[in-house]
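Letter by letter, the chains look like this.
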Amino acid sequence: MRSKINIAIDGHSSCGKGTLAKQLAEKLDYTFIDSGSMYRAVALYFLENQINCANETQVHSALSEIRLEFQKNQTTQRFEIFLNGKSVENRIRQMDVAAIVSEVAALSVVRKEMVRIQQELGADKGVVMDGRDIGTVVFPDAELKIFMTADVKVRAERRHKELVASGSDATLEEVTNNLTTRDRIDSNREDSPLTFTDAYRLLDNSHLSPNEQLEIALDWVHEASINDRIS
Ligand code: CDP
């Protein structure tokens, strides 16, 4: 049997990292972990409890109150995130959370705790994790690292469509502004910024269908698995 590897998928906001990660996990029978959902769940807690990111005492005590878990949904067979015992998988996708998540994710105390949990989840390999710092900080030894991007217009249209389908009345302009603001904060923060390096395979999916992107990524998985056995 082929030994399992870890796959890190990083990249810009809303470019389909999660879609590719889910596709790969299903195809390879790996575990998909959406690291962004953890930062979004923390941001939701901050929102609901009026935690001020600039207030260190508040942030510390909030973190000690937050319990995050992933549980498999028996119908969809996918992992859903629970915040203090409650599924928040859908709630965290809304615009009010998106509006503050990058500010929350820029806090080193928050990142330290999330990275610790993520590293535990990937310790036995066979994980596909998507985010911003997975290939650089969480799994620097991941056998395959993919950096995804797409034209901002395409990304905003895709995310807007998803939000509208979930009942949101967010406008395309609001979604576009949110994506560009998050990209700016995520790429310029001091702690673990989103950074493209030579270690990544670059995947621009502006003009690719989900099946086309999966085919490309599966070829890379194949190569990475072969290299892993040789080294
Ligand atoms: O799916 P989308 O691209 O909209 O974002 P996400 O993956 O759900 O991540 C939401 C936010 O969490 C990002 O904009 C980052 O600010 C933060 N994040 C991070 O800092 N590090 C990660 N590994 C994952 C997400």
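What you see is a predicted model; the values in this text were computed from it and never measured. (Residues numbered from 1 in each chain as written. Predicted model: local features only at pLDDT ≥ 70, side-chain atom pairs only at ≥ 80, totals over all residues. Heavy atoms only, no water.)

Now for the layout of surface pockets. For the largest pocket, the calculated volume is near 1,200 Å³. At five residues, the largest contribution of residues to the lining of the largest pocket is made by helix α2 (residues 35–48). Empty space within the second largest pocket amounts to approximately 220 Å³. K22, A25, E26, D29, Y30, T31, F32, K72, T76, Q77, R78 and F79 together form the lining of the second largest pocket. Sorting the residues of the lining of the second largest pocket by element identifies α1 (17–28) and β2 (31–34) as the ones contributing at least two each. When residues of the lining of the second largest pocket are assigned to their parent elements, the largest contribution, three residues, is made by α1. Looking at the lining of the second largest pocket residue by residue, the classes come out as four nonpolar, three polar and five charged. (1 Å grid on protein atoms, 1.4 Å probe; cavity = no way out; pocket = protein on both sides within 12 Å on 5 of 7 lines; lining within 4 Å. Points joined across faces, edges and corners; volume = space filled by probe spheres on them. Helix = DSSP H or I, 4+ residues; strand = E, 2+ residues; numbered from the N terminus. Nonpolar A, V, L, I, M, F, W, Y, C, P; charged D, E, K, R; others polar.)

For helix α7 (residues 152–165), which comprises 14 residues, the first-to-last C-alpha distance of 20 Å matches the rise-based estimate of 20 Å (1.5 Å per residue) to within 8%. The set of residues buried in α7 consists of R155, A156, H160 and L163. Looking down the long axis of α7, one finds its buried residues gathered within 125 degrees of arc, a one-sided arrangement. Residues K161 and A165 are exposed on α7 and point more than 90 degrees away from its buried face. Summarising the contacts, the buried residues of α7 are in contact with α4 (95–105) and α8 (172–188). By the N-cap criterion, in which a side-chain oxygen at the helix start approaches the backbone nitrogen of a residue two or three places on, α7 is capped by D151, the distance to K153 being 3.0 Å. Looking one or two places after α7, you find G167, whose phi comes out positive at around 95 degrees. (Expected span 1.5 Å × (residues − 1). Buried < 20%, exposed > 50% of the residue type's maximum accessible area, 1.4 Å probe, protein only. Arc of directions from axis to C-beta. Contact = heavy atoms within 4.5 Å. Polar contact = N/O pair within 3.5 Å; in protein donor to acceptor, adjacent residues only side chain to side chain.)

In short, the description is geometric, and any link to function would need to be established separately.
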